Every structure is written in C-alpha cells, then in structure tokens.
Amino acid sequence: MTILVDIDHIDKIYPLKNGGEYVALRNVDLKINQGEFVSLIGHSGCGKSTLLNIIAGFEQASIGGVVLSGKLITAPGPDRMMVFQNYSLLPWLTVRQNIALAVNKVMTDLPAEERKEIIEKHIDLVGLRAAAEKRPSQLSGGMKQRTAIARALAIRPQVLLLDEPFGALDALTRGNLQEQLMAICEEYKTTCVMVTHDVDEALLLSDRVIMLTNGPEAHIGQILNVEFTRPRKRMEVVNDPKYYVNRGEIITFLNQQKRDKRRKRKVEVEKMAVPAIAAVRLVEKSVVTLGYVPTTDAAPLIVAKEKGFFAKYGLTQVELIADSSWQTIADGLANQRLDCAQLLAGMPLAMTIGVDRRRPTPIVTAMVLARNGNAITLSKKLYDDGVRDLQGLKEAIEATPELPHSFGLVDNVSMGSLLTRYWLASGGIDPDQDISLSLMSSAEMKNQLSKGFIDGYLASEPWNSAAVKDNTGFVVATDLEIWDGHQNKVLGVRENWAQENPKTHVALIKALIEACEYCDDRRNREEIVQMLARPDYLNLPAAQLRPGFIEPFQRSQDQAPELLLRFNQYYVEQSTCPRRSEAVWILTQMARWGITPFPKNWVELLERVYSREIYGKAARELGLQDGVDDHTLVKLFDGVLFNPDDPLSYLDSVTIHREICIEEIAIDEPVLKRTSRSLKTAA
Ligand code: ADP
Ligand code: MG
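What you see is a predicted model, and the numbers here were worked out from it, not measured in a lab.

What counts and what doesn't
Position labels on residues start from 1 in each chain and follow its written sequence. Chains carry letters and ligands carry numbers; both start at the beginning, A for chains and 1 for ligands, and go up in the order they are written. Local features in this predicted model are restricted to residues of pLDDT 70 or higher, and side-chain atom pairs are both shown and tallied only at a pLDDT of 80 or more, whereas totals for entire chains, interfaces and linings draw on every residue. Side-chain figures throughout are based on the complete set of non-hydrogen atoms in the structure, without hydrogens or water. Only protein atoms enter the calculation, which uses a 1 Å grid: trapped sets of points that fit a 1.4 Å probe without letting it out are cavities, open sets showing protein on both sides within 12 Å along at least five of seven lines are pockets, and any residue with an atom within 4 Å of a point is a lining residue. Grid points are joined across faces, edges and corners, and a volume is the space filled by probe spheres set on the points. Strands here mean DSSP runs of E at least two residues long; helices mean DSSP runs of H or I at least four residues long; both are numbered from the N terminus. Only protein chains enter the accessibility calculation, which uses a 1.4 Å probe; a residue whose area is less than 20% of its type maximum is buried, one above 50% is exposed, and one in between is partly exposed. Near is defined per residue: the residue qualifies when any heavy atom it owns lies within 4 Å of the molecule or strand. Think of a polar contact as two N or O atoms within 3.5 Å of one another; within protein, one of them needs to be a possible hydrogen donor and the other a possible acceptor, and neighboring residues in sequence only count if both atoms come from side chains. Each accessible area value is a Shrake-Rupley result obtained with a 1.4 Å probe; residue values ignore everything except the protein chains displayed when judging cover. Any two strands with at least two DSSP-identified bridges between them are counted as paired. Helix axes use the C-alpha atoms of the stretch in contact, all axes being lines fitted to C-alpha atoms, and the angles between their N-to-C directions lie in the range 0 to 180 degrees. Any two residues having at least one pair of non-hydrogen atoms within 4.5 Å are treated as being in contact. Domain borders in the structure are assigned automatically or taken from a domain database. A pair of aromatic rings is counted whenever rings of Phe, Tyr or Trp (Trp by its six-membered ring) have centres within 6.5 Å, and the orientation is called stacked for planes under 30 degrees apart, edge-to-face for over 60 and tilted otherwise. Small angles under 35 degrees read as roughly parallel and large ones over 145 as roughly antiparallel, with 65 to 115 read as roughly perpendicular and the rest as oblique. If you view the pair so one helix is near and one far, a crossing is left-handed when the near helix is turned anticlockwise from the far one by less than a right angle, and right-handed when it is turned clockwise. We call Asp, Glu, Lys and Arg charged. Ala, Val, Leu, Ile, Met, Phe, Trp, Tyr, Cys and Pro are nonpolar, and the rest, Gly among them, are polar. Here, nonpolar core refers to any group of buried Ala, Val, Leu, Ile, Met, Phe, Trp, Tyr and Cys residues whose side-chain atoms link them within 4.5 Å.

Engineer: Before we go on, may I ask you to explain the layout of surface pockets in this structure?
Structural biologist: Rolled over the atoms, a probe with the dimensions of a water molecule shows which regions are left empty. Of the pockets and cavities examined, the second largest pocket occupies roughly 740 Å³. Looking at the second largest pocket, it is lined by 43 residues, and the ones nearest its centre are Ser325, Trp326, Gln327, Val410 and Asp411. Elements with a contribution of two residues or more to the lining of the second largest pocket: α12 (326-334), α13 (347-353), α17 (442-450), β18 (456-460) and β20 (487-494). For the lining of the second largest pocket, the element with the most residues is α12, which contributes 5 residues.

Now the structure itself:
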C-alpha cells in the first residue's frame, strides 16, 4: 500500500488575545493510504476542522507538517478539494457553471471539448442532469451538496476532504448521498478524509475511523479498522454482527471523552484562578462595596471573601458591609454608598418600580444567593392554646376578636413576607384585616414575641430556632413546606453600575457561584459556622447557627429535631440561576397586597431587571449549564398552580387581596418613571 498523505507529528497552537495560547492539536500523527477512506470523529471543538484545514493547506501546523505525495503542504491546491457543510457554491452560477468554473480553472492543459465532457460526466455522476441549468437558490440542500461533490471530484483531486458534508441534510437525503459518495469513491478509488460526528456514517463509509480526544491538546485517542467488504450495502453493513461491536467501541470512546471533558473543565476553572494578579487586569474594578444583612443566608458572600473566591476572579478588594436593615441596604444602593448587595428576593423589582414614595432605583439581578431558609414562628401562648397549624391559627384568631393579633416581618417585599401573606390568605386569614403586620428586625421580633407583644413572625435563621430554644415560640411551618426551593436572597447591583462594569459583574457572579457550591457541601458547614459566628460577621455563638444549617431543626420543645437537607440551599438544582417565573410570582403578590402596581409591561420590565445574559455568561465560563426552563407551572403548598406566562388571569382568580392596580411602568434611560395611571379594581 502506498502512503498518500503523511500527517507527521503536528501541533496546532493558536495565539490568544490575552497573550496566552491555545494548543488545539498536540502530536497528531497519521498516515493515510492511497484510495483509503478515513473518518475523523470527536466532540465538537476538539480540532477536527483544524486538522482538515491543515491538510487542505488553509492553515499551517505550528510544529510538524503534512506531506502529500512526497511534498510538504504549504498552501491550498487542486490536488486537495474540500467539501464543506454549507456547500459554498457561487450563487449566481448554475450547477453546470459552478462545476465548469473549477474544471476550466484547473484543467487548463486539456482541450475545451474534453473539459466539457468531464463537466457533463460529473453532472450525471451525481444525478443532476435535470437541474443542470438551475442556480443554488433553486436547489434543495441535497442537490447543492451533490453539486459541491461533483465540482470537487471533476478536477480529479488526489484527496477529497469533507467537513461534515451531510450535517445539514435531512436523514433520508443524507442516507442517499452517503451511498452515492461511497459508490463514486469506490469507482474512482478516491482518497477521502471526512469529518463527521455521526457514528453510523463513519462506519458505513470508512476504512478507518480516527477518534480524537477533546481539546486542548487534542490527539488521536483510538483508531478503529472497519473491515466490512466493499462494495458495501447499508443493510448488509448494519446487519453484520461486527457492526454493533464497532459502534459500541466508538460510542464508548466518545462517552469517555465527554466525562473527561467535564472533569477537565473543573480543573481548568481552578487553574485559571491561580494567577489572581492576571485576573485583576480582566475586571474594570477590583474594589467593590457589597452590602448585606447578617443572617445565615449571607454565607456565600462571607465564604467568597474568606476562601478567596473573589480574589480568584480579580476582585481583590471586596468590602463586605453589614447593614442592620434592608431599608439601609436599599438606600445604600440608591445613594451609591454600595455598588451591589445581597437583597431580599422582591427588592430588585420593588426598587426598580419604586415603593413607599421612594424614587425608583433600577436594579439588575443576575443570581440567586440562597433558597429556602425561612420559617414562621408563633408564640408559646398560641401553642399552649393548642394551635399547631394554619387552621388552628385561624380558629384562635376568630375566637378572640377583641384581642389585637399581630405579626412581625422584616420587610414587605421579602419572599418570607410574601409567602407569609400567601400562607395566611390560603387559610382564610386576611393578613391586613384579621391581623396587623409590623416591620421590625429579626432580633426585635424574637424579643417582642417573648414579651407577648406579637403573636408570630416570619424570619430567617437563627431567629426561629432561637425562640424554640428559649421556649418563647414554636415553628408552625418552614418555607420548605410552603414552597420548596423558592428564591430567598439574590444579588442586586445598580443598573448603571452593571452597565459600567460588565466584567466585574460577571467575575462577582462567578466567585459567588463557586462560594454557593462550597456552602452547599455539608462537609464545609462546620467551618462556615465558625466563620459566620465571628464578631466581624454575624457576631453570634456558633451553637445558635447550627440548627437547620448543620444540625437537625427543632420546631418546638415537644418535638424531636428533624434533619432538613434543603433548608439552606445555595447551589444544588441550579439554585443560583435566576428564574423569571419566580419574578412574575413576586410581581403578582406585590400587586395583590397593594405594595406595587402590576406592570402592564411586565415582560419588558423583567427583561431589564432579571439578567439571564449575565448569569449565562458566568455559568458558561464556569462550565455550568447556563439557564433553566422558565415556563414551568409553579405549585405551592395549597395546590394552586401559578402559570408564569399568564399573571393577569392569576390575579383575577385570587380571593383575599387589596385593590390591584395595573400600570404601565415607563422604562426610560436613565431611571424608570411612571407614566399613565390606569387603576383596575379586582373583584
Ligand atoms: P471541531 O471542528 O472539532 O469542532 P475546530 O477544529 O473548529 O473544532 O476547533 C478546535 C479548537 O481550536 C476549538 O477549541 C477552537 O475554539 C480552536 N480554534 C479554532 N480556530 C482558532 C483560532 N483562530 N484561534 C484560536 N482558537 C481557535
Ligand atoms: Mg468543525
């Protein structure tokens, strides 16, 4: 056998814009025989096209070279013809003219008559006689590809190079063309190198299947000799018992590479982070002020700082600023004291729309920092009166109409307060008329409950466990029971900051996603508790932080503690990904309770506030899935389904509610303003 193409130990190294380099191929060595059909198979991006382009002469190897019939390839030439997936025919020429152009250009030493013969012969070869006068726009995909093959073969190249030639065609057309190509190659004894990702195509056509490993530094991982006799018939090939053995071999290789790719990505991400000094140059700002309210939910921020995740992405000076209330945080963002902050789930929308006669501050949120983690605590007195659940609470309130019944909340737009209102209303308790809600800090709530000033509250940990421990209250419900997996705290940044610092924003999110992963791993939680407990962070005894977070969660002094695995959820189930469906739910609840109007242009508003683009970019750079299906129905504990694509029908269906306003929110630069006011009172 004569060796026609000698791919001699080649490397392909691409210089990168940031000064580094990408080694696409490493030490690829392959000899292709005269008349042989070779397929290159491997995952997307592994370097198949690069290798083919080097053989074609479109690109040069960085090390080593390709020799064809004893000559080093340095440029494209008529001895190697390429067929691409996208046909690349000249649109203004007919089938015949496209073929003729190549023939007349290359075969200049042949008399015109002979050239004409060759052209006509190749039109017949691919069965395009009837379409010879048609232009590409009048041809089907299969016909275009047949023209491209005829054009390539007409000049009798030594090697036919095909880059996923049938990838864009439907299965039937692809099948027909594969057989046609096979017949032509057998008749002409053409040497072929074909890139494909179709295992069956590779097996049907090839003498050898070359399996490439993933890049960077892709190389030949395995070679399979395909030994079916020629001429081949598809049905005979697929019915051959060897077929399934061969097929299994290729698929096993590809699966192995897929797993390897995932592992490599993780290592790469870690490697990338080592030169933090280099990463600094990749962000606009390495100094970032990040506000938070000290609760267990702040764990990802504290971990990102303490474990070096911020620094890893070039954010060398993140200043964590503990504020005592969510209102202080909101003001801090508005007056630019803070660049970004941990926010209650409802705050980005509420601040962008503007509540409590405050000037709107457009906020962008592109990441969820914590899910679940809240509970509703009722007083010891209610417990002693026999209240154990929502129904019991309703009866207790009805039995004592003369008494004031009050609840504490940290903010009107926290997910906790929206869930509490929802929970009360679903039990027939009007959260504004049957009880009075007051805003106060979590520490204050616990204090007031113990003194009998309030009947209950909703809070994050450790404020529920604390009341149970002191035996001043009991947990009537955790948010896991109300809506398992709801977003609780999100990252929010001022919109203008996001616009001015896009890279810093992505770096911040990458660092925080990694911190969330760290926080979700229960093996790290004791270490995290020690961190949170420190005077400069939560300033609480570590023992107070353990229930629910590490230790089983106790609902009342009479009940055995239970382990709640997802009570503090930071990372699993794409926890960090912002979901617009949840945002629409928040918008409906804020409107239901008269906190904000429901925006007529809610789709547009969400587009602006919930940035899937920023999250997607950060996630992709970390090798994670970059989004979720955001049109699924949401089901809460009462069985009511919420359709995020139809919030207005939902608002029509709610029973206990305030006056619901539906308004167009003007989305102008630089701040959002209200325009028209069209009030609608729901029945
Ligand atoms: P395949 O055809 O197997 O899908 P390619 O050969 O097109 O893959 O690309 C192989 C790798 O080389 C990819 O990771 C790609 O990003 C990289 N690459 C290709 N061209 C360049 C270039 N000009 N500069 C930097 N990297 C490149
Ligand atoms: Mg390719």
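There's more to say after this.
Engineer: Before we go on, may I ask you to explain the side chain of Thr94 in this structure?
Structural biologist: Position of Thr94 relative to the elements: it lies in the loop between β6 (80-83) and α2 (95-106). Given the relative accessible area of 6%, Thr94 is considered buried.

Engineer: Any chance you could explain the site of ligand 1 here in plain terms?
Structural biologist: Around ligand 1, the neighbouring residues are Tyr14, Tyr22, Ala24, Ser44, Gly45, Cys46, Gly47, Lys48, Ser49 and Thr50. One of the side-chain N or O atoms of Tyr14 is found 3.4 Å from a nitrogen atom in ligand 1. In this structure, Thr50 approaches ligand 1 through a side-chain N or O atom, which is 2.5 Å from an oxygen atom. In the complex, the protein chains occlude 62% of the 570 Å² of accessible area that ligand 1 would expose alone. Of all elements in the fold, only β2 (21-33) and α1 (48-56) reach the threshold of two or more residues within the shell around ligand 1.

Engineer: Where do I start with the sheet that holds strand β10 (residues 220-225) in this structure?
Structural biologist: Two strands in a sheet stick together by hydrogen bonds in their backbones, pointing the same way (parallel) or opposite ways (antiparallel). Overall, mixed pairing links the 6 strands, which are arranged β6-β7-β8-β3-β9-β10 in an open sheet. Each having just a single partner strand, β6 and β10 make up the two edges of the open sheet. Each adjacent strand pair in this sheet contributes to an overall mean axis angle of 15 degrees, direction not counted. When strand β7 (residues 159-163) meets strand β8 (residues 191-195), the two strands line up parallel, connected through 5 bridges.

Engineer: I'm lost on the side chain of Asn98 in this one. Help?
Structural biologist: Along the chain, the position of Asn98 falls in helix α2. With residues up to four places along the chain from it excluded, the contact list for Asn98 reads Leu89, Leu90, Leu93, Pro136, Thr147 and Arg151.

Engineer: Would you mind showing me how to read the domain arrangement of the protein here?
Structural biologist: What the domain assignment lists for the protein is domain 1 (1-79 + 179-274), domain 2 (86-156) and domain 3 (374-483). Distance from the C-alpha centre of domain 2 to the C-alpha centre of domain 3: 80 Å.

Engineer: Quick question: what am I supposed to make of the packing of aromatic side chains here?
Structural biologist: The geometry of an aromatic ring pair comes down to the distance between the two centres and the angle between the two planes. Scanning the model with the defined rule gives 12 aromatic pairs in all. Plain terms: the ring middles of Tyr422 and Phe637 are 6.4 Å apart, the flat faces sit at 70 degrees to each other, and that makes the pair edge-to-face. Of this pair, Tyr422 sits in helix α16 (residues 415-426) while Phe637 sits in the loop between β22 (634-635) and β23 (641-642), and the two are 215 residues apart along the sequence. By relative accessible area, which is 4% here, Tyr422 ends up buried. On the basis of relative accessible area, Phe637 is assigned to the partly exposed category, the value being 34%. On the numbers, 5.0 Å between centres and 50 degrees between planes, the contact of Phe553 with Phe567 is tilted. Note that Phe553 is positioned in the loop between α23 (542-545) and α24 (580-592) and Phe567 in the loop between α23 and α24, a separation of 14 residues in sequence. The buried category is assigned to Phe553, whose relative accessible area is 0%. Under the relative-accessibility criterion, Phe567 is labelled buried at 0%.

Engineer: Would you take a moment to explain the sheet that holds strand β19 (residues 473-478) for this structure?
Structural biologist: Strand order in the open sheet formed by 5 strands is β17-β16-β18-β15-β19, and the pairing between neighbours is mixed. Because the sheet does not close on itself, it has two edges, and the strands there are β17 (436-439) and β19. Each adjacent strand pair in this sheet contributes to an overall mean axis angle of 25 degrees, direction not counted. Summarising the sheet, strand β16 (residues 406-409) and β18 pair through 2 bridges and their orientation is parallel. Directly across from Phe407, in β18, lies its bridge partner Gly456. Helix α18 (residues 463-470) rests against β15 (374-379), β18 and β19 of the sheet, and its axis sits at about 125 degrees to β18.

Engineer: Can you help me understand the packing of α17 against α18 in this one?
Structural biologist: The relative placement of two packed helices comes down to the angle between their axes together with the axis-to-axis distance. Put simply, α17 and α18 touch, their axes get as near as 10 Å, and they point 25 degrees apart. Relative to α18, the element α17 is oriented roughly parallel. As for how α17 packs across α18, the hand of that crossing is right-handed. Facing Ser442, Ala443, Lys446 and Leu449 of α17, the residues of α18 in contact are Trp463, Ala466, Ala467 and Asp470. Split into classes, the residues belonging to the contact of α17 with α18 amount to 5 nonpolar, 1 polar and 2 charged.

Engineer: So what exactly am I meant to see when it comes to the nonpolar core here?
Structural biologist: Most often, soluble globular proteins keep nonpolar side chains buried together rather than apart. By size, the foremost hydrophobic cluster in this structure holds 72 residues, and its most contacted members are Leu349, Leu393 and Trp585. Apart from residues lying up to four places away in sequence, Leu393 is in contact with Leu378, Leu382, Val387, Phe407, Trp423, Leu424 and Ile429. Judged by nonpolar contacts, the second largest core, of 56 residues, contains Ile302, Ala304, Ala366 and Tyr537.

Engineer: Could you clarify how one ought to interpret the environment of Cys661 in this entry?
Structural biologist: With respect to the element layout, Cys661 can be found in the loop between α27 (647-653) and β24 (662-663). Taking the relative accessible area as the measure of exposure, Cys661 reaches 16% and is therefore buried. Measuring from C-alpha to C-alpha, the distance between Cys661 and Gly35 comes to 76 Å, with 626 residues separating the pair along the chain.

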